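Chain residues, written in single-letter form:
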Amino acid sequence: DMIKVNDNFTLLSPSYLFSEIAKKVSDFQASHPDARIIRMGIGDVTRPICQAAAQGLRRGIDEETREDTFRGYGPEQGHAFLREAIARDDYKARGIDIHPDEIFISDGAKSDTGNIGDILSAQCRIAVTDPVYPVYVDTNVMAGRAGSLQPDGRWDRIEYLPCTAANGFVPALPVTDPDVIYLCYPNNPTGTSLTKAQLTEWVNYALSHHALILFDSAYEAYISSPDVPHSIYEIDGARQCAIEFRSFSKTAGFTGLRCGYTVVPRELEGVDSKGNKVNLRQLWLRRQTTKFNGASYVVQRAAEALYTPDGHRQIADTIAYYMTNAAMLRQGLSQAGMELYGGIDAPYIWVKTPHGMSSWQFFSTLLERCHIVGTPGVGFGPSGEGYLRLTAFSSHQVTREAVERITHQY
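Residues numbered from 1 in each chain as written. Predicted model: local features only at pLDDT ≥ 70, side-chain atom pairs only at ≥ 80, totals over all residues. Heavy atoms only, no water.

With that settled, consider the overall build of the protein chain. Across its full length, the protein chain holds 13 helices and 15 strands. Seen through its C-alpha atoms, the protein chain measures out along the principal axes to roughly 60 × 55 × 50 Å. Taking all 410 residues of the protein chain together, the buried fraction comes to 54%. The positive charge centre, built from 39 side chains, and the negative charge centre, built from 47, are 2 Å apart in the protein chain. (Helix = DSSP H or I, 4+ residues; strand = E, 2+ residues; numbered from the N terminus. Buried < 20%, exposed > 50% of the residue type's maximum accessible area, 1.4 Å probe, protein only. Lys, Arg positive; Asp, Glu negative; His and termini not counted. Charge placed at Lys NZ, Arg CZ, Asp CG, Glu CD.)

Omega for the bond connecting tyrosine 185 with proline 186 falls within 30 degrees of zero, at -5°, which places this linkage in the cis form. Positionally, proline 186 belongs in the loop between strand E5 (180-184) and helix H7 (196-209). The omega torsion of the bond from asparagine 188 to proline 189 falls at 25°, within 30 degrees of zero and hence cis. On the secondary structure map, proline 189 appears in the loop between E5 and H7. Not every positive phi belongs to a glycine, and phenylalanine 169 is a case in point at roughly 60°. A positive phi angle, close to 55°, is found at aspartate 177, a residue other than glycine. Assignment of secondary structure puts aspartate 177 in the loop between strand E4 (158-162) and E5.

The subject of this paragraph is the state of the cysteines. If you walk through the whole model with that rule in mind, you get zero disulfides. Of all cysteine sulfurs in the structure, the one in cysteine 50 sits closest to cysteine 259, which takes part in no disulfide; the separation is 13 Å. A relative accessible area of 0% means that cysteine 259 is categorised as buried. (Disulfide = S-S within 2.5 Å.)

Buried residues dominate strand E12 (residues 348-352), accounting for four of its five residues. With three bridges connecting them, strand E11 (residues 340-342) and E12 associate as antiparallel partners. Note that in E12 the partner of tyrosine 341 across the bridge is tryptophan 350. (Pairing = 2+ DSSP bridges.)

Right, let's get into the sheet that holds strand E15 (residues 387-391). If you walk across this open sheet you meet the four strands as E11-E12-E15-E14, and the pairing is antiparallel. Bordering the open sheet on either side are E11 and strand E14 (375-376), each of which pairs with just one other strand. Pairing geometry for E12 and E15, over five bridges, is antiparallel. For isoleucine 349, the partnering residue across the bridge sits in E15 and is leucine 390. Contacting E11, E12 and E15, helix H11 (residues 309-335) runs over the sheet at an angle of about 160° to E11. (Contact = heavy atoms within 4.5 Å. Axes fitted to C-alpha atoms, helices over the stretch in contact; angles between N-to-C directions.)

Bringing the pattern of salt bridges into the picture now. Going through the model one piece at a time under the given rule, you end up with 24 salt bridges. Where aspartate 130 meets arginine 154, a salt bridge forms, and the shortest distance between an N and an O atom there is 3.6 Å. Taken together, the residues span a long stretch of sequence, with aspartate 130 in strand E3 (residues 126-130) and arginine 154 in the loop between helix H6 (134-142) and E4 at a distance of 24 residues. Glutamate 267 is the partner of arginine 239 in a salt bridge, and the nearest nitrogen-oxygen pair spans 2.6 Å. Taken together, the residues span a long stretch of sequence, with arginine 239 in the loop between strand E6 (212-216) and strand E7 (242-247) and glutamate 267 in the loop between strand E8 (260-263) and strand E9 (269-271) at a distance of 28 residues. Using a relative accessible area of 32% as the deciding quantity, one classes glutamate 267 as partly exposed. One network of salt bridges, with partners in common, ties together Arg59, Glu63, Arg301 and Glu304. (Salt bridge = Lys/Arg side-chain N within 4 Å of Asp/Glu carboxyl O.)

Our focus in this paragraph is the packing of helix H12 (residues 359-370) against helix H13 (residues 396-409). It is at 10 Å that the axes of H12 and H13 come closest, and there the two elements cross at 100°. Judged by the inter-axis angle, H12 sits roughly perpendicular to H13. The segment H12 lies against H13, with Leu366, Arg369 and Cys370 engaging Arg405, Ile406 and Gln409. Among the residues making up the contact of H12 with H13, the classes are represented as three nonpolar, one polar and two charged. (Parallel < 35°, antiparallel > 145°, perpendicular 65-115°, else oblique. Nonpolar A, V, L, I, M, F, W, Y, C, P; charged D, E, K, R; others polar.)

Interhelical geometry of helix H3 (residues 51-64) versus helix H10 (residues 297-305) gives an angle of 145° and a closest axis separation of 7 Å. Considering only the axes of H3 and H10, their crossing is right-handed. In contact with Ala52, Ala53, Gly56, Leu57, Arg59, Gly60, Ile61, Glu63 and Glu64 of H3, H10 contributes Tyr297, Val298, Val299, Arg301, Ala302, Glu304 and Ala305. (Left-handed = near helix turned anticlockwise from the far one by under 90°.)

This is the structure in structure tokens:
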């Protein structure tokens, strides 16, 4: 007999959304070799890591080359020097009590948001905002929690919570009593955010329904609105119902270095199949110590350096740079008569497709007419149809040129 595979993988689309986009762009470039393509699709940064991080890397490398400071296997949860810096600057500085032992260093938020399902029952009912980062849905398909794909593009065991212009991109509370709710705010892909009052409703819902919120705050550093929380733990009761995921990728240009972290509060509990209470932090620790050997030591030294005064200042400069691009895109596209959202507390612009085009039609039109790559909204879920995502991660010069190309055409 041939090797039997995990059937759940065969239910997925053969290619990841961004792989599909890359193939279309590659084909276009091959047939238009002279076209200078501006890539504003995949959410990758363009500015180099800051000098503080570079110095941290060099420190780590130097320590690894000397016998007296060499480090081999580190603690799977991450080195104390980094966890303590995170607890101090990301939480205690905001009046939030998070202990270093509740922080788990990883190679990025994508890994953790995908792997967290390992500690959850295959029977858990899932709810996602729609549109949504594809990893949340796809990893639940892989784990067998999604059910069957319906003709409308939804999985029948997942509750979709539409975020559209009609509801101001604020999702309604679930109606199917899910066990696990994925929230990403500031949001990828719409670039919109929730106020403290709006997020409080979700925490209260989770507490009253014994649900777990998986809160992806990878873009918290881009928040400028005073009433938008940087962490779900700013909300009373969130320690009893939420796991938070953070990333240095978009904050500090670590998309290539790979480092992030997850917070699992000590109070979080679930139940096993016999109804016995089980501590989620202990389960995640067990999972990580078995399946993960920790993020690279030198990269953790680079991340630690982000928490120095120089690191804080240099990161703030980079984020201000990208948000200047976001403002440029908002202004230029609005002047071109386009309807758009986001770009205030997040580096994403969510553009309504003109003339009733589908997401993929607008993607193709933008590529063919303007030589600009965006991300079709429908790739993020059914409610993303009729939208396209643009990122603010280019240079000022490239962003200006992209705006000129679009306004010239529209």
